[in-house]
Amino acid sequence: MGNADYECPHRVEIPPAKPFLKALKSSLKETFFPDDPFRQFKNQPPSRKFVLGLQHFVPILEWAPRYTFDFFKSDLIAGITIASLAVPQGISYANLANLPAIIGLYSSFVPPLVYAMLGSSKDLAVGTVAVASLLISSMLGKVVSPTENPKLYVQLALTSTFFAGAFQASLGLLRLGFVVDFLSHATIVGFMGGAATVVCLQQLKGVLGLVHFTHETDLISVMKSIFSQVHQWRWESAVLGCCFLFFLLLTRYFSKRKPAFFWINAMAPLCSVILGSILVFVTHAEKHGVQVIGHLKKGLNPPSVSELAFGSPYLTTAIKTGIITGVIGLAEGVAVGRSFAAFKNYHIDGNKEMIAFGMMNIAGSCTSCYLTAGPFSRSAVNFNAGCKTAVSNIVMATAVMFTLLFLTPLFHYTPLVVLSAIIMAAMLGLIDYEAVIHLWKVDKVDCIVCLGAYVGVVFGSVEIGLVIAVTVSMLRVLLFVARPRTFTLGNIPNSSIYRSIDQYPDANNVPGILILQIDAPIYFANANYLRERISRWIYEEEDKLKSSGETSLHYVILDLSTVGSIDTSGISMLEEVKKNVDIKGLRLVLANPRSEVIKKLEKSEFIEKIGQEWIYVTVGEAVSACNFMLHTCKPNPGETEVNRKDDNV
């Protein structure tokens, strides 16, 4: 690029200063209100603002006036379909949590009604979830035995549900939904897969008809418990369990092959419960080692506010259990809701979902329910059944209410082995090995995070797996912040475009000029690293030019186009880099500093030190200016007297 190509560069403008309060307000709005929920209130009269406010916090008031009979027909079918799945799953997951089976049914009545009023998803089907049930069992079971002290155990489960709801609602009200985002996709895949494996192993107790079983969840403890009781295995129970598991897996396989027959898979758990109950009643199998549910009392949810154990010595454990299960429930529920919303091309508000989840769990804890969320299996059935709105949850709750009032005695002979088979069939679908293979192909570190979570859950405990996954994810984030990438840029032939030489091998180095791009904000965490890395780039470039006999290095251009912000440590780093560059007789040039960066550079007086004339809008203009100086044989402004004397010698 010769002298003729050089044009007067554009000046880099410094944005006008904003008052502190205005800047703070703008920053907080960007952080906590990226969706600008208040835009609908602008220029509205007070009465209209009141109505809009109610509709914002209670979404059913917004869509109910537009509800049609056609919608109701679709929601009725979907609601009845998911109710057929909710009843056996509710009983099964309560059994997994070591809670009375009736609490599982209670949990499919009140929470869905609350969610239907407050939730923003049209497809999410509310109910108990296996992973949360396992967490409750493993965490509370360590401090209170569900068999020796069942009343206190139930009280702690209800208390942990209350704190889970309070935590979820707080996140939504304070617009802190991004906290859940720290559970990455890889973390959730590994954690869910590990939890599903552990749940399946735990169900071997029911399949083999064992009475005594370990409270630990790790693979070694479970295997030791199983094989130390070989003499107590019940072949009748094992045969029954394997037959029903095969039936459930077969119906799921058929429904996947023929999506129009999704209802077969949805009805399979209820059919298994009915067939198992009839078989036990006819053959009196309960007298031959096949355990049954037993008596379930009729009636709707009794109030349980007085059962919340706020004064218990185990309150800390209940709070910890509530927060962990609350986060897992949120992560699964919001992810499932967003997935199905994408299919139907509508948006769900993550913060509204958190408030809805929190309120339904607070209400549930006061009405004999334990933690509920939006399980994928039930939501998938709801979606495939053609639901139109959250009314399908109301229909499901009504069906469960009918069951609680009139049908609970029919579950007396339901064999526990059938419930174990239902849980195992559901959990096998959560072990997503294809996702692990995909992670390995796309991102090896994500795959390591996933496998770390899986191994931690399976060989340690659910809490250990979660801690490992979150820790590795956080370390990865810190590594990206503390060790940002830097690139050398070259000129794409026959253009004024400058791109990474690693990505574009055909890009040409500009003689006498080193162009570096910093690919991250500059903070205290990475300032020292960037200073050392820039110095190393300069040393390497000088050595390369010296060995090849090419033009010596004169200019170092820093492309700041991807540096969104900078702090005082970052500014100090740039000052040190400038001093080092000056000592070498080189000139430091900046290109395309962003708005926040140039404002801070101006306030710190760094612009005066480097010179306004050495800050350019684009890399192309910076290169043109440097080439102009080189080709007009003007002395390099950054050279010292000693350097020039050495050159003359």
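Please read these numbers as outputs of a predicted model, since none were measured by experiment. (Residues numbered from 1 in each chain as written. Predicted model: local features only at pLDDT ≥ 70, side-chain atom pairs only at ≥ 80, totals over all residues. Heavy atoms only, no water.)

Peer 1: Sorry, what's going on with the overall build of the protein here?
Peer 2: Counting its regular elements, the protein contains 27 helices and six strands. Principal axes of the C-alpha set define a box for the protein whose edges measure 110 × 70 × 55 Å. For the protein, with 649 residues in total, the buried portion stands at 51%. Taking contacts inside the protein between residues at least 6 apart in sequence as the whole, the part at least 24 apart equals 80%. Roughly 31,000 Å² of accessible area belongs to the protein as shown, and the carbon and sulfur atoms make up 63% of that amount. Of the side-chain charges in the protein, 54 are positive and 49 negative, and the distance between the mean point of each set is 9 Å. (Helix = DSSP H or I, 4+ residues; strand = E, 2+ residues; numbered from the N terminus. Buried < 20%, exposed > 50% of the residue type's maximum accessible area, 1.4 Å probe, protein only. Contact = heavy atoms within 4.5 Å. Areas by Shrake-Rupley, 256 points an atom, 1.4 Å probe, with all protein chains shown as cover. Lys, Arg positive; Asp, Glu negative; His and termini not counted. Charge placed at Lys NZ, Arg CZ, Asp CG, Glu CD.)

Peer 1: Teacher, can you tell me more about the UniProt feature "domain: STAS" (unreviewed entry) in the protein here?
Peer 2: As annotated in UniProt, the feature "domain: STAS" (unreviewed entry) corresponds to residues 503-626 in the numbering used here. Structurally, residues 503-626 comprises 51% helix and 15% strand, and the distance from its first C-alpha atom to its last is 24 Å. (UniProt positions renumbered as here; feature names shortened; annotations may be inferred.)

Peer 1: When you look at the confidence of the model for the protein in this model, what are you seeing that I'm missing?
Peer 2: Close inspection of predicted coordinates is inappropriate for parts of the model with low pLDDT. When pLDDT is averaged along the protein, the result is 84; 93% of the residues meet or exceed 70. Every residue in residues 634-649 scores below 50 in pLDDT, and together they form 24 contacts with partners more than four places removed in sequence or on other chains. (pLDDT = per-residue confidence, 0-100.)

Peer 1: Can you walk me through the sheet that holds strand E4 (residues 555-559) in this structure?
Peer 2: Read from one edge of the open sheet, six strands run E2-E1-E3-E4-E5-E6, paired in mixed fashion. If you trace the sheet from one side to the other, it starts and ends with strand E2 (498-500) and strand E6 (615-616), each paired once. Bridge count for strand E3 (residues 513-518) against E4 is five bridges, and the pairing is parallel. Paired with Leu516 across the bridge in E4 is Leu558. Across the sheet, helix H23 (residues 568-583) touches E4 and strand E5 (587-591), and the angle it forms with E5 is around 140°. (Pairing = 2+ DSSP bridges. Axes fitted to C-alpha atoms, helices over the stretch in contact; angles between N-to-C directions.)

Peer 1: Any chance you could explain the environment of Gly141 here in plain terms?
Peer 2: Turning to its location among the elements, Gly141 is positioned in the loop between helix H7 (130-140) and helix H8 (150-173). Sequence-wise, Gly141 and Asp582 are 441 residues apart; in three dimensions their C-alpha atoms are separated by 67 Å. Excluding residues within four positions of it along the chain, Gly141 makes contact with Ile136 and Tyr153.

Peer 1: Explain unusual backbone geometry here, please?
Peer 2: Trans peptide bonds make up most of the peptide bonds, and negative phi angles are found at most residues other than glycine. Phi is positive for Asn98, which is not a glycine, with a value near 60°. With respect to the helices and strands, Asn98 occurs in the loop between helix H4 (69-96) and helix H5 (101-106). The phi angle at Asn592 is positive, at roughly 55°, despite the residue not being glycine. Mapped onto the elements, Asn592 comes out in the loop between E5 and helix H24 (595-603).

Peer 1: Got a minute to help me understand the environment of Cys271 in this structure?
Peer 2: Of note, Cys271 is situated in helix H13 (residues 262-283). For Cys271, a relative accessible area of 30% puts it in the partly exposed group. Spatially, the C-alpha atoms of Cys271 and Cys447 are 38 Å apart, while their sequence positions differ by 176 residues.

Peer 1: Help me out: how do you make sense of helix H6 (residues 110-118) in this one?
Peer 2: Structurally, the α-helix is built with 3.6 residues per turn, so residues lying three or four positions apart point the same way. For H6, the buried fraction is high: seven of the nine residues fall into the buried class. Turning to H6, the residues buried within the fold contact helix H2 (46-57), helix H3 (60-63), H5, helix H15 (350-365) and helix H17 (391-407).

Peer 1: Please explain the state of the cysteines as it appears in this structure.
Peer 2: What makes a disulfide is a covalent bond joining the sulfur atoms belonging to two cysteines. By the definition in use, this model includes zero disulfides. Left without a disulfide partner, Cys242 is nearest to the cysteine sulfur of Cys243, which lies 7.0 Å away. Cys447 provides the cysteine sulfur closest to Cys450, a residue in no disulfide bond, and the two sulfurs are 6.1 Å apart. (Disulfide = S-S within 2.5 Å.)

Peer 1: Just to check I follow, could you spell out the nonpolar core for this structure?
Peer 2: If you look at soluble globular proteins, the nonpolar side chains tend to sit buried side by side. In terms of nonpolar packing, the biggest core is built from 98 residues, with Ile91, Leu99, Tyr370 and Met427 touching the most fellow members. For this core, the leading source of residues is helix H18 (residues 416-428), giving 10 residues. Beyond its immediate chain neighbours, meaning those up to four positions away, Leu99 contacts Ala94, Tyr153, Val154, Ala157 and Tyr370. Grouped together as the second largest cluster of nonpolar side chains are 50 residues, Leu514, Ile518, Leu574 and Met629 included. (Core = buried A, V, L, I, M, F, W, Y, C linked by side-chain atoms within 4.5 Å.)

Peer 1: Would you mind going over the side chain of Thr403 with me for this structure?
Peer 2: Inspection of the secondary structure puts Thr403 in helix H17. Not counting chain neighbours up to four residues away, the residues in contact with Thr403 comprise Val87, Thr408 and Phe411.

Peer 1: How should the pairing of E5 be read in this particular structure?
Peer 2: By the criterion of burial, E5 is predominantly enclosed, with five of the five residues buried. Both E4 and E5 contribute to a ladder of five bridges, which runs parallel. Bridge pairing links Ile557 to Val589 in E5. In terms of handedness, the path from E4 via H23 over to E5 forms a crossover that is right-handed. (Right-handed = clockwise from strand over helix to strand, strands pointing away.)

Peer 1: How do you make sense of the pairing of E3 when you look at a structure like this?
Peer 2: Along any regular strand the residues' side chains alternate between the sheet's two faces. Of all six residues that make up E3, six are buried, and the element is covered over most of its length. Neither face of E3 is left uncovered, since the one carrying Ile513, Ile515 and Gln517 and the one carrying Leu514, Leu516 and Ile518 both have all their residues buried. Here strand E1 (residues 486-491) pairs with E3 via three bridges, running antiparallel. Its bridge partner being in E3, Phe487 is matched across the sheet by Gln517.

Peer 1: Is there a simple way to think about the packing of aromatic side chains in this case?
Peer 2: Aromatic ring pairs are reported here in terms of the distance separating the ring centres and the angle at which the planes meet. Tallied over the entire structure, the rule returns 12 aromatic pairs. For the pair Tyr67 and Phe71, a centre-to-centre distance of 6.0 Å together with 65° between the ring planes defines the contact as edge-to-face. For Tyr67, a relative accessible area of 23% translates into the label partly exposed. Residue classification places Phe71 among the partly exposed positions, given a relative accessible area of 32%. Sitting over the face of the ring of Tyr346, Lys122 holds its NZ or CZ atom 4.8 Å from the ring centroid. Above the ring of Trp440, the side-chain terminus of Lys444 is found at 5.0 Å from the ring centroid. (Phe/Tyr/Trp six-rings, centres within 6.5 Å; stacked < 30°, edge-to-face > 60°. Lys NZ or Arg CZ within 6 Å of the ring centre and 35° of its normal.)

Peer 1: Please explain the pattern of salt bridges as it appears in this structure.
Peer 2: In a structure, side chains of opposite charge can pair up when their charged atoms sit close to one another. Tallying each qualifying case throughout the model produces 12 salt bridges. Between Asp443 and Arg476 there is a salt bridge, with its nearest N and O atoms 2.5 Å apart. Of this pair, Asp443 sits in the loop between helix H19 (433-442) and helix H20 (444-459) while Arg476 sits in helix H21 (residues 462-482), and the two are 33 residues apart along the sequence. On the basis of relative accessibility, which here comes to 17%, the residue Arg476 falls in the buried class. Asp582 is the salt-bridge partner of Lys578, the closest N and O atoms lying 2.6 Å from each other. Of the two residues, Lys578 and Asp582 both sit in helix H23, four residues apart, roughly one turn of that helix. The exposure class of Lys578 is buried, given its relative accessible area of 13%. (Salt bridge = Lys/Arg side-chain N within 4 Å of Asp/Glu carboxyl O.)

Peer 1: Any chance you could explain H13 here in plain terms?
Peer 2: Helix length check: H13 (22 residues) gives 32 Å between terminal C-alpha atoms against 32 Å at 1.5 Å per residue, within 8%. Buried residues of H13: Phe262, Ala266, Ala268, Pro269, Ser272, Val273, Gly276, Ser277 and Val280, and no others. Buried residues along H13 sit in contact with H4, helix H12 (235-257), helix H16 (376-384) and H18. Immediately downstream of H13, the backbone of His284 shows phi near 55°, a positive value. (Expected span 1.5 Å × (residues − 1).)

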